[in-house]
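Spelled out from the first residue to the last, the chains are:
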Amino acid sequence: MTQHPTLEVLGVPIARMDARAALVEVERLADDPAPALVAYVNAHTLNLARRDPSYLELLRSAALVLNDGAGVALAARMRGARFPANLNGSDFNPRILELAARRAWPVYFLGARPGVAERAAARMRALIPDLRVAGTRDGYFERAHDDDVAAAVRASGAAVVMVAMGNPLQERWLADNLAATGARLGVGVGAFFDFAAGVVPRAPAWMNRLGIEWLFRLYQEPRRMWRRYLLGNAEFVARAALDALRARRA
């Protein structure tokens, strides 16, 4: 059951916390015996949830949903509210790993292309020397092997499993398999391994501060990202505006 303040954006309750409070909540969830799913949502995620009611329900049932990006912040402002901070995964996942290091929680890196999770884990260990990496594995396996992968995570003794498979696959995988992994905390991390490994460069800090990191990604991969960002962002803003109008009328 949710024990933190939230703001519902397009049907998904999103935590309204700064980074410190969110980290306290992550620690509380990890100390709870029940496995907990942590998800990040941005404009693209919420567009996907609109088209897939089962994904919407999965996000609604997650233990902790964090706001990622300018789109969700804009939707909140349309409702006359604000999020205390932009808790995007690229910045907040290292905070989770620092917490794991302090608490001696072994972390399993699962997902991305072959070799990327291993490289990301190595770089994170270089930045966080006390980080215990329980294991790594890429995300290129058939769903028929989910039980084997979950068993490997369990055998590693991981307390936290970070899964980089993109939306909605990473959240679905965690919803279906987190309990079997034996980990107390499962985090869907999107492209974090690619950034951490240096495979994909992040936008300059000033673009992150202005909330236009998506323009940098569009510039990097226009053929893959144009539909997601140009059409998807317009769709999201329209939906958020309509949602805000309905809320005011109610």
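Description of the structure in this document.

Cut-offs applied
Residues numbered from 1 in each chain as written. Predicted model: local features only at pLDDT ≥ 70, side-chain atom pairs only at ≥ 80, totals over all residues. Heavy atoms only, no water. Helix = DSSP H or I, 4+ residues; strand = E, 2+ residues; numbered from the N terminus. Rg over C-alpha atoms; globule rule 2.2 N^0.38 Å. Buried < 20%, exposed > 50% of the residue type's maximum accessible area, 1.4 Å probe, protein only. Contact = heavy atoms within 4.5 Å. Areas by Shrake-Rupley, 256 points an atom, 1.4 Å probe, with all protein chains shown as cover. Lys, Arg positive; Asp, Glu negative; His and termini not counted. Charge placed at Lys NZ, Arg CZ, Asp CG, Glu CD. Salt bridge = Lys/Arg side-chain N within 4 Å of Asp/Glu carboxyl O. Core = buried A, V, L, I, M, F, W, Y, C linked by side-chain atoms within 4.5 Å. Phe/Tyr/Trp six-rings, centres within 6.5 Å; stacked < 30°, edge-to-face > 60°. Expected span 1.5 Å × (residues − 1). Polar contact = N/O pair within 3.5 Å; in protein donor to acceptor, adjacent residues only side chain to side chain. Axes fitted to C-alpha atoms, helices over the stretch in contact; angles between N-to-C directions. Parallel < 35°, antiparallel > 145°, perpendicular 65-115°, else oblique. Nonpolar A, V, L, I, M, F, W, Y, C, P; charged D, E, K, R; others polar.

Scanning the chain from N- to C-terminus turns up 12 helices and eight strands. For the chain, the C-alpha radius of gyration of 17 Å lies close to 18 Å, the compact-globule estimate for 250 residues. The principal-axis extents of the C-alpha atoms in the chain amount to approximately 55 × 40 × 35 Å. In the chain, which comprises 250 residues, the share counted as buried stands at 48%. The long-range share in the chain, meaning contacts at least 24 apart out of those at least 6 apart in sequence, stands at 74%. Accessible surface, the chain: about 12100 Å² in total, of which carbon and sulfur atoms supply 53%. Considering the chain, the positive charge centre built from 33 side chains and the negative charge centre built from 25 side chains are found 7 Å apart.

Another aspect to go through is the environment of Ala238. With respect to the helices and strands, Ala238 occurs in helix α12 (residues 222–249). Placed 163 residues apart in sequence, Ala238 and Ala75 show a C-alpha to C-alpha distance of 9.8 Å.

Applying the stated rule across the entire model yields 11 salt bridges. With a shortest N-O distance of 2.8 Å, Glu25 and Arg28 are connected by a salt bridge. With a gap of three residues between them, Glu25 and Arg28 both fall in helix α1 (residues 19–31), about one helical turn apart. Measuring nitrogen to oxygen at the nearest pair gives 2.8 Å for the salt bridge that ties Glu235 to Arg51. In this pair, Glu235 is assigned in helix α12 and Arg51 in helix α2 (residues 43–51), connecting sequence segments 184 residues apart. Within this structure, Glu8, Glu57 and Arg60 form a network of salt bridges that share partners.

Below, the discussion takes up the nonpolar core. The tendency in soluble globular proteins is for nonpolar side chains to be buried as a group. Leu66, Phe92, Leu97, Phe109, Leu131, Met162 and Phe193 are the most contacted members of the largest nonpolar core, which totals 42 residues. Counting 38 residues, the second largest nonpolar core, distinct from the first, contains Leu37, Val41, Leu58 and Met165.

With that out of the way, let us pick up the side chain of Ser90. Mapped onto the secondary structure, Ser90 falls in helix α5 (residues 89–103). Setting aside residues up to four positions removed in sequence, Ser90 forms contacts with Phe192, Phe195 and Arg202.

Turning next to the packing of aromatic side chains. On inspection of all chains with the given rule, the structure shows two aromatic pairs. Between Phe109 and Phe193 the ring centres are 5.3 Å apart and the planes differ by 35 degrees, which places this aromatic pair in the tilted class. One end of the pair, Phe109, is in strand β5 (residues 107–111); the other, Phe193, is in helix α9 (residues 192–197), and 84 residues separate them in sequence. Each member of the pair, Phe109 as well as Phe193, is classed as buried.

Relative to the 21 Å expected for 15 residues at 1.5 Å per residue, α5 spans 20 Å between its end C-alpha atoms, a close match to the ideal helical length. Considered for burial, the residues of α5 that qualify are Gly89, Ser90, Phe92, Asn93, Pro94, Ile96, Leu97, Leu99, Ala100 and Ala101. The opening residue of α5 is Asn88, an N-cap whose side-chain oxygen sits 3.3 Å from the backbone nitrogen of Ser90. In the segment just after α5, Ala104 is the residue with positive phi, at about 60 degrees.

Their axes nearest at 5 Å, the elements α2 and helix α3 (residues 53–61) cross at an angle of 125 degrees. One way to sum up the angle between α2 and α3 is to call them oblique. For the pair α2 and α3, the contacting residues are Thr45, Leu48, Ala49 and Arg51 in the first and Pro53, Tyr55, Leu56 and Leu59 in the second. Here the contact of α2 with α3 is composed, by residue class, of six nonpolar, one polar and one charged.

By themselves these figures say nothing about function.
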